[in-house]
Every structure is written in structure tokens, then in C-alpha cells.
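An overview of the molecular structure
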Amino acid sequence: MEGHKSVVTSCEEDQHVVAAAQHILKALAASKTVSDDMRKTLLDIVTQLSTMSIVNERNERGMKQLERQLKCAEDTVMRWETNRSMIWDSSPSESSEYLKVVGDIQALTLSLQNLSLKENWKQKELLQRANGILQVAMSRLEEELVHIFVQHKQYFEPEYMSFFSNRMDMVYDESFGSIEGEKIEEASRSSGGNQSQASTVDLVNPAMLQDLKTIANVMFASKYHQEFCQVFVTSRRDALAEYFVILEMEKLSIENVLKLEWHCLNHEIKKWIRAMKIIIRGYLVSEKRLCKQLLGDFGSFYQFCFSEISQSFMLHLLNFGEAVAMSTHTPEKLFSFLNMYEVLEHLSVDVDILFFEEVGSFVRGEFHKLLRRFGDAVKSTLKAFRNAIATNPSKTRFPGGGVHQITKYVMNYIMALGGYADTLNLLLVDESSIDPSGNKHDTPALSLCPMACHFRSITNALESNLSTKSKLYKDVALQNIFMMNNIHYMVQKVKSSDLSHFFGDRWLRQHAGRLQRDAKSYEMVTWGSVLSMLRDGSVSNVSQRTLQKRCKEFSTAFGEIYRTQTGWCIPDPQLREELQISVSQKVVSAYRTYTGRHSSTIAEKYIKYTVEDLQTCIFDLFQGSSKSMHYT
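Residues numbered from 1 in each chain as written. Predicted model: local features only at pLDDT ≥ 70, side-chain atom pairs only at ≥ 80, totals over all residues. Heavy atoms only, no water.

By the naming in an unreviewed UniProt entry, the chain is Exocyst subunit Exo70 family protein, taken from Abrus precatorius. If you open the UniProt record of the chain and go to Function (unreviewed entry), you find "Component of the exocyst complex." The record held by UniProt for the chain lists under Sequence similarities (unreviewed entry) the comment "Belongs to the EXO70 family." (UniProt positions renumbered as here; feature names shortened; annotations may be inferred.)

Side note on the side chain of T330
On the secondary structure map, T330 appears in the loop between α10 (301–326) and α11 (334–354). Side-chain polar atoms of T330 contact the side chain of E332, separated by 2.7 Å. (Helix = DSSP H or I, 4+ residues; strand = E, 2+ residues; numbered from the N terminus. Polar contact = N/O pair within 3.5 Å; in protein donor to acceptor, adjacent residues only side chain to side chain.)

Some points on the packing of aromatic side chains
In total, this model carries 24 aromatic pairs according to the counting rule given. With centroids separated by 4.0 Å and ring planes inclined at 20°, the aromatic side chains of F220 and F298 adopt a geometry described as stacked. Taken together, the residues F220 in helix α6 (residues 209–221) and F298 in the loop between α9 (262–295) and α10 connect sequence positions 78 residues apart. F298 carries the same exposure label as F220, and that label is buried. Centre to centre, the rings of F244 and F313 are 5.2 Å apart; their planes meet at 45°, and the pair counts as tilted. Of the two residues, F244 sits in helix α7 (residues 225–246) while F313 sits in helix α10, which places them 69 residues apart along the sequence. Look at F244 and you get buried, because its relative accessible area is 4%. Site record: aromatic cluster; members linked through ring pairs are F149, F220, F228, F232, F298 and F301. (Phe/Tyr/Trp six-rings, centres within 6.5 Å; stacked < 30°, edge-to-face > 60°. Buried < 20%, exposed > 50% of the residue type's maximum accessible area, 1.4 Å probe, protein only.)

Quick word on helix α15 (residues 450–470)
Under the 1.5 Å per step criterion, the end-to-end length of α15 is 30 Å for 21 residues, consistent within 8% with the ideal 30 Å. Among the 21 residues that make up α15, 16 are buried, leaving the element largely enclosed by the rest of the structure. (Expected span 1.5 Å × (residues − 1).)

A short note on the side chain of Q580
Here Q580 is to be found in helix α19 (residues 573–597). For Q580, the side chain forms a polar contact with the main-chain oxygen of L621, separated by 2.9 Å.

Some remarks on the pattern of salt bridges
This model, assessed by the stated rule, comprises 16 salt bridges. Two residues, E97 and R79, come together in a salt bridge whose shortest N-O distance is 3.8 Å. With E97 in helix α3 (residues 92–114) and R79 in helix α2 (residues 36–82), the pair connects residues that are 18 residues apart, well separated along the chain. Here E97 falls in the partly exposed class, since its relative accessible area comes to 34%. In this structure, E144 engages R140 in a salt bridge whose closest nitrogen and oxygen atoms are separated by 3.0 Å. Of this pair, E144 and R140 both sit in helix α4 (residues 121–151), 4 residues apart, which is roughly one turn of that helix. On the basis of relative accessible area, E144 is assigned to the buried category, the value being 0%. A residue is classified by how much of its surface remains accessible, and R140, at 0% relative accessible area, is buried. (Salt bridge = Lys/Arg side-chain N within 4 Å of Asp/Glu carboxyl O.)

Here we look at the nonpolar core
In this structure, F232, W272, L417 and W527 are the most contacted members of the largest nonpolar core, which totals 173 residues. Take this core: its biggest share by element is 16 residues, from α9. Those residues in contact with F232, other than ones at most four positions away along the chain, are F149, L290, C291, L294, L295, C305 and I309. (Core = buried A, V, L, I, M, F, W, Y, C linked by side-chain atoms within 4.5 Å. Contact = heavy atoms within 4.5 Å.)

Comments concerning the environment of G402
Secondary-structure assignment places G402 in the loop between α12 (361–390) and α13 (405–417). Judged by its relative accessible area of 3%, G402 falls in the buried class. With 170 residues separating them along the chain, G402 and D572 place their C-alpha atoms 9.5 Å apart. Apart from residues lying up to four places away in sequence, G402 is in contact with F482, N485, N486 and C569.

So, the packing of α11 against helix α14 (residues 421–428)
When two helices pack together, their arrangement is given by the angle between the helix axes and the distance between those axes. Direction vectors running N to C along α11 and α14 enclose 85°, while the axes themselves pass 11 Å from each other. Judged by the inter-axis angle, α11 sits roughly perpendicular to α14. Contacts from L338, Y341 and E342 of α11 reach α14 at T423, L424, L426 and L427. Split by residue class, the contact of α11 with α14 holds 5 nonpolar, 1 polar and 1 charged. (Axes fitted to C-alpha atoms, helices over the stretch in contact; angles between N-to-C directions. Parallel < 35°, antiparallel > 145°, perpendicular 65-115°, else oblique. Nonpolar A, V, L, I, M, F, W, Y, C, P; charged D, E, K, R; others polar.)

Topic: the packing of α9 against α10
Following both chains from N to C, one finds α9 and α10 inclined at 175°, their axes separated by 10 Å at the closest point. By the angle between their directions, the pair α9 and α10 is classed as roughly antiparallel. Here the contact of α9 with α10 is composed, by residue class, of 19 nonpolar, 2 polar and 4 charged.

Notes on α9
Because each turn of an α-helix spans 3.6 residues, side chains separated by three or four positions end up pointing in the same direction. Along its length, α9 shows its largest kink, about 40°, at I279. Summarising burial for α9: 25 of the 34 residues are buried, a large majority. (Bend = angle between axes of the 7 residues up to and from the residue.)

Examining the environment of S222
Structurally, S222 is set in the loop between α6 and α7. In this structure S222 comes out as buried when scored by relative accessible area, which is 11%. Along the backbone, S222 and L134 are 88 residues apart, and their C-alpha atoms lie at a distance of 8.2 Å. Excluding residues that lie within four positions of it along the chain, S222 makes contacts with Q106, L134 and M138. A polar contact is formed between the side chain of S222 and the side chain of Q106, at a distance of 2.2 Å.

Quick word on unusual backbone geometry
Most of the time, phi is negative for any residue but glycine, and the peptide bond is trans. Backbone geometry places E248, a non-glycine residue, at a positive phi of 60°. Following the sequence through the fold, E248 ends up in the loop between α7 and α8 (254–259). Residues other than glycine seldom take positive phi values, yet F622 does so here, at roughly 65°. With respect to the helices and strands, the residue F622 is situated in the segment after α20 (611–618). A residue is classified by how much of its surface remains accessible, and F622, at 1% relative accessible area, is buried.

Laid out in C-alpha cells, this is it:
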């Protein structure tokens, strides 16, 4: 205040000097020795000094008025500085009064800046004081902003979002272990997830929006826009970080992701898929709306703030996806790759809209780069899957010639892939696929799509591998049983599922024919020589001894087949029964004819089996467990 007093004193002294000058000039003009021209000049100067004095007096009164207004505003601001309670926790009238006072300070500052006084120390002193008070008020508004954003934020509830996938989570191991077909079928039927439109919620209490917009207007008008944006961005980043914790999204580096065991990584992928949907289609849409509500009147500031709030979190999500795409492309990861690709593909339009401005171009570019990476990962993993089938080692015979684990694995695997038909057809459209079954004129049209060609290529590789595995059995008949079991399993999986649309009627006819050929080959190899023992029984010149010998040899051969082939396995009841009936029709009929025609010639001791015994034994075959019955 000392400086203030000195300035006032200086102004008063200037006025005294002007008054003294006017008195002297009037005295000189009254002198008789002064010429008329000089007298006129002196009087003009007196008039000018009088005018200046009036203007200065008016300015002084105006300055005093500004000073009183500034003092009143200063008192209000400083009163809240000594009272550290939050203004926006008080009554609405208090916050309104404070904002009005800040507006008054802004108006005073503008008035002082617009005064056209030269070298007026009073003006400079008041302008300096006004700027100082304004700075204190802006600092206080920053604190109030932080408090409002924290106290009035509203959490985004996950249940608001209704587009979680209905797919069953598919987890495969690399051992080609048995997979439950029912689960695969259910997963295939539930193809795709419910996709909802983006929805918004209020992330800040709507009752506070108008106050926040008013604070923004005040701070921007005072050129404190950077401070407002910094508080806004920091507060909203903190809120988004809290939401990531709610979603259990841990910040894992690419190195840490690559070190995760598969079951842990698969769990993290599920959380990532859920978080991507909620964050992009719900949270960030709401966040951008809030940015526009508060800063939409200030040009591109809302775009900048949204980018600053969201970019680091989006890059965190994309980095996780990048790490997963970088991992080894083993078959068990294909479903995760497909799910992640589909999520990105479904969200691509949303990302383009959210980050369409130049400031969001980096996030937009990284997002689409990751989408392409997963597309490549899917194609690479499909190729690895086919190669793994083709090169699956054949070292150990599968017990009983039943359905091999690799057959179950592959067929259930591609059944589950059927639920991704649209995605796979899109990704494989440029892949050169040669259909090994030659399905060029087949129906329906789906059998000609890229995915259908790949499916048939995969099963062709499987059949080739199974053929190699069948050679491990020394018994050619068991080779036939093994191939029958596995081909029949493949056919039944295709016929009983949507795979029939992709494989087509021709493929089914070809494999039905393959089954018949294997069955005939089995009958010829197993029963051809046995039945030959009964064929010459009608020749009149065959001796009794020969007839009895052949009957005994037949019983011995049949007993050996019985002991061996009851341990063989045909797990499908219908296939087993069809083969048993076919064998029975040939063997029992020939035996009945032989023993009936020569019943008087062949002694009873050479007939080990009755026709009924033989029939019963044949229906014991292929049960998968060796039997020790009284017939053997």
C-alpha cells in the first residue's frame, strides 16, 4: 500500500503543478507589454491545460471507481483463500457469486488494458493487482475442478453393455487329445456374439455439467485454457485407470505376456476381449461425449483432450493384442486369434469414428495394424494346423483299431471352426485353395467357399495320416477296421452338423463308398479263406475224411478269429451291427448249408459249433475286449 499512496500523492502534485502553470500563464497574458499574438497564444495554452485538468480529473474518478470494484473482488477472492473449504460444497449461491466475482475481475482487467492513458502509474498498479488476483482465482478454480471431477464422477457399470459373446470358450492342447463332441457342437451352434450399438452413460453427475462449462468459459476467457485442460485430462485419466482396475486389466508388458503359460494367457485374452468391447463401445464413447459437452465451444480442444485421456489406455490394450499375435501360432490358439480378430473387426468402425480426427490418427493406425496382424495369425495358424495333422507321428498302434484321438480332435476342431464361417471366408478369400475332393459342381454353394476348400484339405491330410497309421497293424483286416472306424466317424460328424454344408453331397458319397470298400476288403481278408473250407462240400467225390477235416479246420480258424476280433473295437453300434450282419449272412449261411448237407457224413465230434453258436459268436465280435467263452 506504500507504493499506492506514493502514486496518489504524485497525481495530486501533478494537478498542483498544472494549476500553478495556469496561474502564471494568465498573469503573463494580462501584462501590457505582451503583444496580442503572444497573449492569444498564452490564453490558448491556459485553455488546453484546463481541458487536460478536466480529463485527468475524470480519469482519476474512473480509476478510483475501478479501484473500489477491484478491492471488493479482491476481498471475496481472499476470503475464500483463508477459508479452505470447497466452494462447490457450499450453497449454489456461493459458487455463483465466486464465478461472478471472477468475471468482474476479468472485466476490470480488460477495462484497465483499454484505458488510453500514457505513463499512468495508477493504471499500471491496478492492472498488476487485477492480474495477481485473477491468478489466485484461477488457481482456486483448478483446485475446485479437481474436487468436482473426483466427487461427482460416476462409474461405468459393465452390465450396461449387452454384447458379450455367447461362444463357448474352446481350449485345445497340442497332444491331439480327445475332445467332447457335444461341447464342440454347442460352441458351433452359438456362433458369433450379440453385437450391440455403442451406448453412452454419464461419467460425471449431469447436475454439475453447467457449472463445469461455466468454469471452462471463465478459465478460457482468462487464457488459462491449458490449466483447465490439464486438470480435466488428469482427472479423467485417473478415472479411466480406476475402471481398468475394475475390469481386472493388469498392465502387462509384451515380454510378460509372451512368458505366460497358455491357460493363464487364455484367461487374460478373455478379459481383454470383454474390456475392448466395454471400453470402446461404451466408456470411450461416453468420454468423448463428456469432452464435447465441456469443450465443444472451444474448437479442437475437446478432440485434443479426448486423445490425451484415451491414447495411453488404448495403446495398452493394443500392445497386449500385439504380444498375443507375436506368440507362436500353435493350433490351440486359433480360436483365441479368431475371437480377438472378430472383436477388432466388429469395433473397427467405432474406432474410426472415435479417432477420426488427425490427433487420433496414430491410435487409429495402430488399431488397424493389429487387425491385420490377427488376420495373418489366423491364416498362419490354420496352415500350421494342417501341417501338424499331416506330420503327426505314427509310432504306436491305436488299441483295437478304434477311432484315433487325432480323428476326434480334427473333426471336433473344424466343427467348432464352422461357427466362424463368415470371418474365415473373408480371411481366406485370397488364399489359393485346391480342393482335393474335386468338388467343382457340388451343392450347396457353401461347399465351394474358401473355408470349405480348406476344411476338405484338412480332412484329406487327416486321411493320409490315418492311412499311414493303419500300416502299423500287421493284420491287414485290422487295418481295414481302423480305417472304417475313422472314416465312419468323419462321415457321421459331417452328416450330423453344419459341416455338411461345407463338405457337400459328393464328399459324403465318396466316403460312403470308401466305407463299403474297406468293409468288403475286411470280409475278403478275414473270411475268404475260412469260407473256402466250406465251398467244395457239394462235390460228390469228396471223401468223408476230407469233409470232416474241413469242418474241423473251419472250427479252428473261426475260433482263432473269434479270440482275436472280439478284442477289436468298432465303437459305433450301427456300424458294428451292420458289419456283424454282413459277416453273419455269409458265414452262418455257408456253415448251415455245409453242415446240413453233410450231417449224415460228418461225425458229431467234428462239429464244434451249432448254427446258433456261430451266430452268437459273430455278434460278440468288435466289442473291444477279448472273451474266453466255452466256444473257444
